[in-house]
Amino acid sequence: MDKKGQIFTIDLLISLFIFLLLFTTVLLFLYSNADIDNSYSSYYSQITSNYINNIAVQGASSLIGSEGYPSNWYSISCNQIKQVGVMQNNLEVSPTKLYNLTTLPLSCLSSLLKTGDSFNITFYYLNGSILKLGGKAITAGFPIDYSSNYIASIQRFTVLYPGNEIIRLSYTEWS
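Residues numbered from 1 in each chain as written. Predicted model: local features only at pLDDT ≥ 70, side-chain atom pairs only at ≥ 80, totals over all residues. Heavy atoms only, no water.

**Brief notes about the overall build of the chain**
Where we set the bar: Secondary structure elements follow DSSP: runs of H or I no shorter than four residues count as helices, runs of E no shorter than two count as strands, and numbering proceeds from the N terminus. Radius of gyration here uses only the C-alpha atoms, and the compact-globule reference equals 2.2 Å multiplied by the residue count raised to the power 0.38.
The secondary structure content of the chain amounts to 4 helices and 9 strands. Ordering the α and β elements of the chain from the N terminus gives α-α-β-β-β-α-α-β-β-β-β-β-β. Here the C-alpha atoms of the chain give a radius of gyration of 27 Å, more than 25% beyond the 16 Å that 2.2 N^0.38 yields for 175 residues. In terms of overall dimensions, the chain has C-alpha extents of about 100 × 35 × 30 Å along its principal axes.

**Observations concerning the pairing of strand 8 (residues 151–160)**
This is how it is decided: We treat two strands as partners when DSSP finds at least two bridges between them.
In the sheet, strand 3 (residues 92–93) pairs with strand 8 via 2 bridges, with the strands oriented parallel. Paired with glutamate 92 across the bridge in strand 8 is valine 159. When strand 8 meets strand 9 (residues 165–174), the two strands line up antiparallel, connected through 10 bridges. Looking across to strand 9, one finds that valine 159 is bridged to isoleucine 166. Linking strand 8 to strand 9, which pair antiparallel, is a turn of 4 residues; within it glycine 163 sits at a positive phi near 130 degrees.

**Looking at the sheet that holds strand 9**
What counts is decided by this rule: Contacts were defined at the residue level, with two residues in contact if any of their heavy atoms lie within 4.5 Å. Orientation is described by axes fitted as lines to C-alpha atoms, over the contacting stretch for helices, and by angles from 0 to 180 degrees between their N-to-C directions.
The 5 strands lie next to each other as 3-8-9-4-7, forming an open sheet whose pairing is mixed. The strands lining the two open edges of the sheet, one partner per strand, are strand 3 and strand 7 (139–141). Across the sheet, helix 2 (residues 42–64) lies against strand 3, strand 4 (119–125), strand 8 and strand 9, angled at about 15 degrees from strand 8, the strand it touches most. Strands in contact with helix 3 (residues 95–103) are strand 3, strand 4, strand 7, strand 8 and strand 9; relative to strand 4, the strand with the most contacts, it is inclined by about 140 degrees.

**A short note on the packing of aromatic side chains**
Stated formally: What counts as a ring pair is set by centres within 6.5 Å for rings of Phe, Tyr and Trp (its six-membered ring), and what kind of pair is set by the plane angle: stacked under 30 degrees, edge-to-face over 60, tilted for all other angles. Buried, partly exposed and exposed residues are distinguished by accessible area as a fraction of the type maximum, computed with a 1.4 Å probe on protein chains only: under 20%, between the cut-offs, and over 50%, respectively. Sitting over a ring, as applied to charges here, requires NZ of Lys or CZ of Arg to be within 6 Å of the ring centre and within 35 degrees of the ring normal.
Under the counting rule described, the total for this entry stands at 4 aromatic pairs. With a centroid separation of 5.8 Å and an interplanar angle of 80 degrees, the aromatic rings of tryptophan 73 and tyrosine 74 are classed as edge-to-face. Aromatic side chains phenylalanine 119 and tyrosine 171 sit 6.4 Å apart centroid to centroid with 20 degrees between the ring planes, which places their arrangement in the stacked category. Separated by 52 residues along the polypeptide, phenylalanine 119 in strand 4 and tyrosine 171 in strand 9 bring together distant segments of the chain. There is no split in this pair, since phenylalanine 119 and tyrosine 171 are both buried. Grouped by ring-pair contacts, the aromatic residues Phe119, Phe142 and Tyr171 constitute a single cluster. Positioned over the ring face of tyrosine 99 is lysine 136, at 5.8 Å from the centre of the ring.

Everything listed here is a matter of coordinates, which is why it stays silent on function.
Here you go:
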């Protein structure tokens, strides 16, 4: 029989080596890009960004979407408050609730908004200056950590009661 039609051991070893090399490369690629526990993977970044963004959206919607429960949450103790909200009615924000938002203890506000120590709430006029009521800037939370890996900032617009002055809520969450 002729040697042209035979498979030699060295040919099998080379093909096995090439197969293992390609298989290992594919596994390493999938591990590095699809592992959600690996902080350098794209899926980890996507999941973390979505999580931070969802927390910010829920916090902004809670503040702007309701009057709070009970509606006089600013005059009772923290453990009696079920939800914090700053609306006077469906369309306008209450100046009293805005002011009292700044006097609420951070631990209470953090637990009501279901965040940790990584959020900031600030109200602005449309020209970009911070809204002040009674000489006090309407801001609550912690200073924004711009060195964080993930930052989500949600903007909501509403009207300040009574009248027609439009203000902007900036709710920022980071990790």
